[in-house]
Amino acid sequence: MNFDIRRYVILAFIILVGFLYTFRLFYMQVVDDTWTLRAHEVAEKRIEITPPRGVVFDRNGMKIVSNRTYFNLMMVEDEIKNLDTVAFAKLIGWTVEDVRKRFKEIIKGEGTYYNKITGKRTSNYQKIRKYPFLKELTLEEISRIAPHLENFPGFYEKVTSMRNYPFKSGANIMGYLSEVNREEVESDHFYKPGDNIGRSGIEKFYERELRGRKGIKYIVTSALNNAIESFADGKYDTTARQADPLKLGMDMIIQSYGEKLMQNKKGCIVAIEPSTGEILAMVSAPSYDPNLLVGKRNISANYPKLALDKNMPLFPRPLQAEYPPGSIFKLVQSLIGMQEGVITARSGFPCDKSLVGCHDHPSARNVAEAVQYSCNPYYYAVVRRIIQQGKKKGIFADAEYGLNKWHKYMRSFGLGKTLDADVSGQRPGLIPDSKYYDKWYGHHQWAFSTIRSISIGQGEVKLTPLHMANIAAIIANKGWFYVPHFVKSIGRKGPLAIYRTKKRTMVNEQYYGPVIEGMRKVVNEAGGTASMARLDDIEICGKTGTVQNPHGEDHSVFIAFAPMNNPKIAIAVFVENAGFGGTWAGPIASLMIEKYLKRKVSDKDKEKRIIDAKLAYISNQR
Amino acid sequence: MRKEESLISHLDWPLFISFILMLIAGMTTLYSVAYNDLHPSIFDVSMMYGKQLIWIVVSLFLGLLVFLIDSDIYRRFAFPIYGFTLFLLVVVLFMPAVHGARAWIGIGSMGIQPAEFAKISTALLLAKYISSISVKQQNISSVLTASAILLVPMALILLQPDAGTFVVFTSFLFVMYREGLTFDPIILSFVNRIPGVRFKETWVGSHFIPILFVMIFISVITLLLNSVQLDFFFLPFPVSGSIGVISTILIFSVLSILFLQRFSAKRERSRGTVIIILGFVFTSGLSFIVDHGFNSLAPHQKDRIELFLGLREDPNGKDYNRNRAMAAVGSGGLLGKGYNKASVSSVESNHVPESETDFIFCPFAEEWGFVGITFLFGLYLFMLIRIILIAERQRSIFNRVYAYCVGMILFYHFAINIGMNIGFAPVIGIPLPFFSYGGSSMMSFCMMMFILLKLDSQRKDVLR
């Protein structure tokens, strides 16, 4: 029998396998990406270098927010050998149980990965990766630990940076940073677990401008996770870049001076440079040292305390407290009345106390005197004329028409809406329109008599202190304003575009004169309500307000600008439960103005009286 | 003097050159994969490449000896050589285990693996035995004797244990098949006991080896497609995997019958048709049984089979090696990452374990890409086909059987080793000839090749 033909079976078999393998390899290497991606996953690593956050300067070039070096104690489980837990716990000042608990916590914190194919759940924790065992150690703490780390292989230090506030001021305005949550990591690829993000205030609003650019390095790693070389000779690497510094319009000197004046009081101060709209100071009292909320350790220790404090130091009053404005609202009412032509600068109304209560003063013969005396009946008359213009048939339709017109004017003053300042967490306040009252009383069920308390800034009307300061700025500018903002420049760029656009009110320039004259009288003439705010060499124009408070002592409010002929500063001071506006808010404003314009205060007694005063302040000490 | 002239003029240069090319390619790859910045010299004997170079030099020296010695001694001393390696295979079982296997005689890296040399001695004895019996003498006892020559070293190797080399020994079955030494006589002795049956030959028995591989192939394909719904362009609805396999076989069967009717001699036609129909029934039945058998397995058994076939992934567990190896191979792309640029499979990065020995195909594939692999496969195929051509031109049966043994051993090593890297073969540790780091395998493959070249150069001297 001849078996020679069988050589072809064998040959065919060899060639078949050869072709099969060639096709398979063609598929694996050229067609299918799966294995290439898998190789990247296995052998390459992305290292991110987070730059320090951008720093912040005040208008005089003082660094008010900087960064400080901290240290993390890192651990790599695979490198840990014969750990003497007792000695280690002693070194870091923990108990042995705490150390064990921390190990478990790290593993748990990494979460798990669900494999859809096998249906198995595996931990993301890897023994060969670095994890922070202790975070945010200060230089003193690490210098106590670091020299002994050679006895504990697998542990080493790593430098990191966190915020530092040398002035301990402006906490509520600057805001604070905290670790990103899972949603933030998922929605923005910039962030990795453990990164910090601006949580409130300017830090939140300018998050993108402050966070800078991360440096990314791709390296080829070994199975033991050691770096071997840079990937593709660093072709895809980017260097880390710290963000350009922010320069604020804020003047740190009066900011911290304002905080000192407001100590042991509740309320706020907002100061604006009228010509630019830059916020010079924004004091929220009570406040806290911003360094208390730097880093995870501090936040977990101090945040609950601050959040539970009955004086609410975390509450950014200038942005979020919505108060009835009280008498300062009369300024805007005068302007609208004149613009609408329902009064002239020379209109006089008797002080008819049967309409509404008033203090004793001569009847106002013109707008300036009305402002000076802050005459309640006068403004009843004015606002009635604005609301009830007699242009529509029937009192209700007429009131609806008038109120909506009035509402439009108010809107042009930036009231009844958020001001779009560059800080997160502003409230809109409230300026009612016809729809608002329709909801309460029903359509055509209300007229001026129903809503008359709005004429003296009570009732439904609500403004934030930022709104109030902006009114002062508008009057100082005679009819226009820039949206109040903090940031003067970002690196070499100026402020954002919306802060470079002049906004005009619906009231013409000529009507501001009488109101300003009235405000001058308020401070500088006998019979004015704020003589305590008077300064010898600076002509301040102001207006007091006393806001009725059904829950307790009235609030004291004062808005002003100065100097009269060349306004450099517009200010609003609001002191809760302090009674008459002229007594507390007025002097505080004058001290702020003097400090800002002259850098020193002449009346030390006044200053001392204010600083020492404790007004309606709930002591946390028992 | 005359002898040396005849050696040079009678040497099979194509095979010799492809062999040398393979050695160069292997050495180059090893240098790249094990490259160390601190010891850049290829002659640095503290590094793997320095050592491998020594092994190659030693192998070439042994080759020179083989060329100088008369080839008759392999035939004459086949049995003593075989006996000596069996002795070594027994001795090795009393040696300390390295990585869980008692495969080494000697200390550390200077040891040798007798199993590598057992392949040559078994090939020689098998050649001697087969050449000693005539075709007519092929009966149960000759089949059993030939099988025994294989089974004794196989059993000893399994005791080490070394599953890889054990599997390689089954390559001799191909050689026996080529020589007509099949299990047919055994099957006939059973079949012919049935009254009235008087077969001279069963087709299944004599083609047992190819049929076995067809069975394995069909089973694996069926299992791979077990949970897949196939969309055929000519069918409006998807079909299950086994149906797809069966219908593919059906199409091929019908095509072969048509081909047969058209082109073959009349005498062959009916017989061929019957064989194809029976083949179809058998293969589709097998596919059906495998499919249903698999579905009725317990989940953990299924799991194990699926892992083995690569249907299920366990990239950081049982499947670690293969997963990393396939990642390295696949990431090579069309043109590769360039010489000395294997980022996944270099020894330094160590993602692919054993990338200098069993998985050395990885760095080659990673660095040279599909283009490089095409060249390598071309070289392999050329070498194997050349060996078979050489085998078929021998006048002596001893030479032919030995040449087939060398060809099939190399084929097994290539196919299984590369198969490991691309998910086609289970991960059993066998070296890639001429590439993998290691003295025993290098010397064994070189000796094998030199003996073949020597035998071939003297093929005209005598008729054995």
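Residues numbered from 1 in each chain as written. Chains lettered and ligands numbered in written order. Predicted model: local features only at pLDDT ≥ 70, side-chain atom pairs only at ≥ 80, totals over all residues. Heavy atoms only, no water.

1. A closer look at the packing of helix 3 (residues 48–68) of chain B against helix 19 (residues 439–457) of chain B
Residue and element names in this part refer to chain B.
- One can describe the packing of helix 3 onto helix 19 by two numbers: an axis separation of 9 Å at closest approach and a directional angle of 25°. The angle between helix 3 and helix 19 places the two elements in the roughly parallel class. Here helix 3 runs over helix 19; the crossing is right-handed. Taken together, the residues of helix 19 that come into contact with helix 3 (itself represented by Q52, W55, I56, V58, S59, L60, L62, G63, V66 and F67) are G439, M442, M443, C446, M447, F450, I451, L453 and K454.
- Among the residues forming the contact of helix 3 with helix 19, the class breakdown is 14 nonpolar, four polar and one charged. (Axes fitted to C-alpha atoms, helices over the stretch in contact; angles between N-to-C directions. Helix = DSSP H or I, 4+ residues; strand = E, 2+ residues; numbered from the N terminus. Parallel < 35°, antiparallel > 145°, perpendicular 65-115°, else oblique. Left-handed = near helix turned anticlockwise from the far one by under 90°. Contact = heavy atoms within 4.5 Å. Nonpolar A, V, L, I, M, F, W, Y, C, P; charged D, E, K, R; others polar.)

2. Focus on the sheet that holds strand 18 (residues 541–547) of chain A
Residue and element names in this part refer to chain A.
- The antiparallel open sheet is built from five strands, whose spatial order is 14-13-20-19-18. Here the strands that pair on one side only, and so sit at the sheet edges, are strand 14 (278–285) and strand 18. Looking at each pair of strands side by side, their axes are set apart by 5° on average, direction ignored.
- Helix-sheet contacts for helix 19 (residues 465–477) involve strand 13 (267–273), strand 14, strand 19 (555–562) and strand 20 (569–575), and the interaxial angle to strand 20 is about 150°.
- The sheet contacts of helix 20 (residues 512–524) involve strand 18 and strand 19, and relative to strand 18 the element is tilted by about 75°. (Pairing = 2+ DSSP bridges.)

3. Overview of a nonpolar patch on the surface
- Residues F26, Y27, V30 and V31 of chain A together with L334, L335, V371 and F375 of chain B make up a contiguous nonpolar surface patch of about 760 Å² in total accessible area.
- The greatest single-element share of the nonpolar patch, amounting to four residues, is contributed by helix 1 (residues 6–31) of chain A.
- Relative to the helices and strands, V371 of chain B is located in helix 17 (residues 361–392).
- With relative accessibility at 33%, the residue V371 of chain B sits in the partly exposed group. (Patch = residues over 30% accessible without salt bridge, like charges linked within 9 Å, V, L, I, M, F, W, Y side chains within 5 Å. Areas by Shrake-Rupley, 256 points an atom, 1.4 Å probe, with all protein chains shown as cover. Salt bridge = Lys/Arg side-chain N within 4 Å of Asp/Glu carboxyl O. Buried < 20%, exposed > 50% of the residue type's maximum accessible area, 1.4 Å probe, protein only.)

4. Digging into the pairing of strand 14 of chain A
All names here are of chain A.
- Counting buried residues along strand 14, eight of its eight residues qualify, which places the element largely inside the surrounding structure.
- Sheet topology note: the strand 13/strand 14 ladder contains seven bridges and is antiparallel. Each bridged residue has a counterpart across the sheet, and for G267 the counterpart in strand 14 is A285.
- Linkage of strand 13 to strand 14, two consecutive antiparallel strands, is achieved through a turn of four residues, within which G277 is found at a positive phi near 80°.

5. Looking at the interface of chain B and chain A
- Taken together, the 55 residues of chain B in the interface contact 34 residues of chain A.
- Together, R178, F370 and F424 of chain B form the three largest contributors to the area buried by chain B at its contact with chain A, with a combined 13%.
- At the boundary of chain B with chain A, the tally comes to one salt bridge.
- Across the contact surface, chain B and chain A share eight residue pairs in polar contact (both at pLDDT 80 or more).
- Counting only elements with at least two residues in the side of chain B that touches chain A, the list comes to helix 9 (172–178), helix 12 (208–224), helix 16 (320–330), helix 17 and helix 18 (397–421) of chain B.
- The element that contributes the greatest number of residues to the side of chain B that touches chain A is helix 17 of chain B, accounting for 11 residues. (Buried area = accessible area lost by both parts, 1.4 Å probe. Polar contact = N/O pair within 3.5 Å; in protein donor to acceptor, adjacent residues only side chain to side chain.)

6. Some details on the pattern of salt bridges
- One pass over the full model with this rule turns up 37 salt bridges over all chains.
- A salt bridge links E576 of chain A to R317 of chain A; the shortest N-O distance between them is 3.2 Å. Note that E576 of chain A is positioned in the loop between strand 20 and helix 21 (585–598) and R317 of chain A in helix 12 (residues 317–320), a separation of 259 residues in sequence.
- The closest approach of N and O atoms between D12 of chain B and R393 of chain B, which form a salt bridge, is 3.0 Å.

7. Regarding the nonpolar core
Residues and elements named next belong to chain A.
- Residues W406, I475 and F486 are the most contacted members of the largest nonpolar core, which totals 138 residues.
- With nine residues, the top contributor of residues to this core is helix 19.
- Composition of this core by domain shows at least three residues from each of domain 1 (38–62 + 167–248) and domain 3 (252–287 + 299–306 + 313–490 + 499–612).
- Discounting chain neighbours no more than four positions away, the residues touching W406 are F329, Q333, I336, I386, I387, I431, P432, I454 and V461. (Core = buried A, V, L, I, M, F, W, Y, C linked by side-chain atoms within 4.5 Å. Domains from an automatic or database assignment.)

8. So, the domain arrangement of chain A
- For chain A, the assigned domains read domain 1 (38–62 + 167–248), domain 2 (70–160) and domain 3 (252–287 + 299–306 + 313–490 + 499–612).
- The straight-line distance from the C-alpha centre of domain 2 of chain A to that of domain 3 of chain A is 56 Å.

9. Considerations on helix 22 (residues 604–612) of chain A
All names here are of chain A.
- Those residues of helix 22 not exposed but buried are K606, E607, I610 and I611. Angular distribution of buried residues about the axis of helix 22 spans 130°; they occupy a single face of the element. Residues K604, D605 and K608 are exposed on helix 22 and point more than 90 degrees away from its buried face.
- Elements that come into contact with the buried residues of helix 22 comprise helix 10 (252–261) and helix 21.
- Between a side-chain oxygen at the N-terminus of helix 22 and the backbone nitrogen of D605 the separation is 3.3 Å; the capping residue is D603. (Arc of directions from axis to C-beta.)

10. Considerations on the environment of T95 of chain A
Residues and elements named next belong to chain A.
- Among the structural elements, T95 can be located in the loop between helix 3 (85–92) and helix 4 (96–109).
- Relative accessible area serves as the criterion here: at 40%, T95 is assigned to the partly exposed category.
- In the structure, T95 is positioned 10 residues away from T85 in sequence and 9.2 Å away in space, judged by C-alpha atoms.

11. Digging into the packing of helix 1 of chain A against helix 16 of chain B
- Viewed as axis vectors pointing N to C, helix 1 of chain A and helix 16 of chain B meet at an angle of 80°, and their least axial separation amounts to 8 Å. Considering their axes alone, helix 1 of chain A and helix 16 of chain B lie roughly perpendicular with respect to each other. Contact residues: R24, L25, M28 and Q29 of chain A in helix 1 of chain A; M326, V329 and G330 of chain B in helix 16 of chain B.
- For the contact of helix 1 of chain A with helix 16 of chain B, the per-class residue count stands at four nonpolar, two polar and one charged.

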